[in-house]
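Single-letter residue listing:
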Amino acid sequence: MEPLSNKRKVLESKPLNLMERAYLPAIVKGLSITLKHFFKKPVTISYPEEKREFSENFRGMHSLKRDENGKERCTACGLCALSCPAEAITMIAAERQKGEEHLYREEKYAAVYEINMLRCIFCGLCEEACPKEAIFLTDRILPTDYSRGEFVFGKDKLVEPVDERVDVTVRQTAAVLEFKTHKQYSHNK
Ligand code: SF4
Ligand code: SF4
């Protein structure tokens, strides 16, 4: 049969000599590689004691924000879910009842808001689509877990605690702020 390319290499099965049969050259070669790496600067770090410096546009775990009075900003409009390319966001909207004005800023709110973090690709489109400045990707790393179900984050993990606000300004670089000054994105100011 005609070869498809001239890169073909014919391998010959030669009998091993004495040194090769003792595996000495291979052992010395392996040890020399180990020794070489021994004196090199390690490429790994001891996380979580040590942390790498992130790029300024790093996008980590989401936060559902509250307004200055502690009310949830999300109005369950669904734009974030619609813009999500990974279909990672699920929500169920509910109407704000009388007496709940201190909890939710708008008349409609997300009774259920979930992000499947195993589907999420941290593209940030949900943040860009949100007309209420309600969802932000932060500089926080996602916690690890052993079970897949634990990666479906609900409001208990996403909504920022009233007394422990999440700082989202770290990712608001000059470029992002400039982007938000454009008229067509003014809803995102
Ligand atoms: S960051 Fe991207 S993939 Fe993740 S939930 Fe938001 S829109 Fe979806
Ligand atoms: S997070 Fe923003 S875009 Fe998503 S449902 Fe709430 S208000 Fe709408």
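Residues numbered from 1 in each chain as written. Chains lettered and ligands numbered in written order. Predicted model: local features only at pLDDT ≥ 70, side-chain atom pairs only at ≥ 80, totals over all residues. Heavy atoms only, no water.

Draft legend 1. A look at the site of ligand 2. In the neighbourhood of ligand 2, 13 residues make up the surrounding shell, with C74, C77, G78, C80 and C130 lying closest. Looking at the shell around ligand 2 residue by residue, the classes come out as ten nonpolar, two polar and one charged. (Near = heavy atom within 4 Å. Nonpolar A, V, L, I, M, F, W, Y, C, P; charged D, E, K, R; others polar.)

Draft legend 2. Fine view of the nonpolar core. If you look at the biggest cluster of nonpolar residues, it comprises 24 residues, and the most contacted ones within it are I89, Y113, I115, M117, I135 and L158. Counting only elements with at least two residues in this core, the list comes to β2 (89–95), β3 (108–116) and β4 (135–137). By residue number, the principal contributor to this core is β3, which donates three residues. Excluding anything up to four places from it in sequence, L158 contacts H62, S63, L64, Y113, I115, M117 and F153. (Core = buried A, V, L, I, M, F, W, Y, C linked by side-chain atoms within 4.5 Å. Buried < 20%, exposed > 50% of the residue type's maximum accessible area, 1.4 Å probe, protein only. Helix = DSSP H or I, 4+ residues; strand = E, 2+ residues; numbered from the N terminus. Contact = heavy atoms within 4.5 Å.)

Draft legend 3. View of the site of ligand 1. The full set close to ligand 1 counts 13 residues, and C84, C120, C123, G124 and C126 are the nearest of them. Among the residues making up the shell around ligand 1, the classes are represented as eleven nonpolar, two polar and no charged.

Draft legend 4. Structural view of the packing of aromatic side chains. The final tally for this structure, using the stated rule, is three aromatic pairs. Consider the rings of F54 and F58, whose centres lie 4.2 Å apart with planes at 20°: the pair is stacked. Since its relative accessible area comes to 38%, F54 is described here as partly exposed. A relative accessible area of 26% places F58 in the partly exposed class. Where Y104 meets Y109, the ring centres are 3.6 Å apart and the plane angle is 5°; that geometry is what we call stacked. (Phe/Tyr/Trp six-rings, centres within 6.5 Å; stacked < 30°, edge-to-face > 60°.)

Draft legend 5. Structural view of the sheet that holds β3. The strand order β2-β3-β5 describes an open sheet built from three strands, whose pairing is antiparallel. A strand with exactly one partner marks an edge of an open sheet, and here the two such strands are β2 and β5 (152–153). Pairing between β2 and β3: seven bridges, direction antiparallel. The partner of M91 across the bridge, within β3, is Y113. (Pairing = 2+ DSSP bridges.)

Draft legend 6. Region of interest: the pairing of β3. Here β3 pairs with β5 via two bridges, running antiparallel. What sits directly across from I115, in β5, is F153.

Draft legend 7. Quick look at the pattern of salt bridges. Taken as a whole, this structure holds six salt bridges when the rule is applied. A salt bridge links E72 to K155; the nearest nitrogen and oxygen atoms lie 2.8 Å apart. With a gap of 83 residues between them, E72 in the loop between β1 (62–64) and α3 (79–83) and K155 in helix α5 (residues 155–158) connect regions that are remote in the sequence. Across this residue pair, the class does not change: E72 and K155 are buried. The salt bridge involving K157 is made with E150; its shortest N-O contact spans 4.0 Å. Given a relative accessible area of 32%, K157 falls into the partly exposed group. When salt bridges with common partners are traced through the structure, they connect K65, E160 and R165 into a single cluster. (Salt bridge = Lys/Arg side-chain N within 4 Å of Asp/Glu carboxyl O.)

Everything listed here is a matter of coordinates, which is why it stays silent on function.
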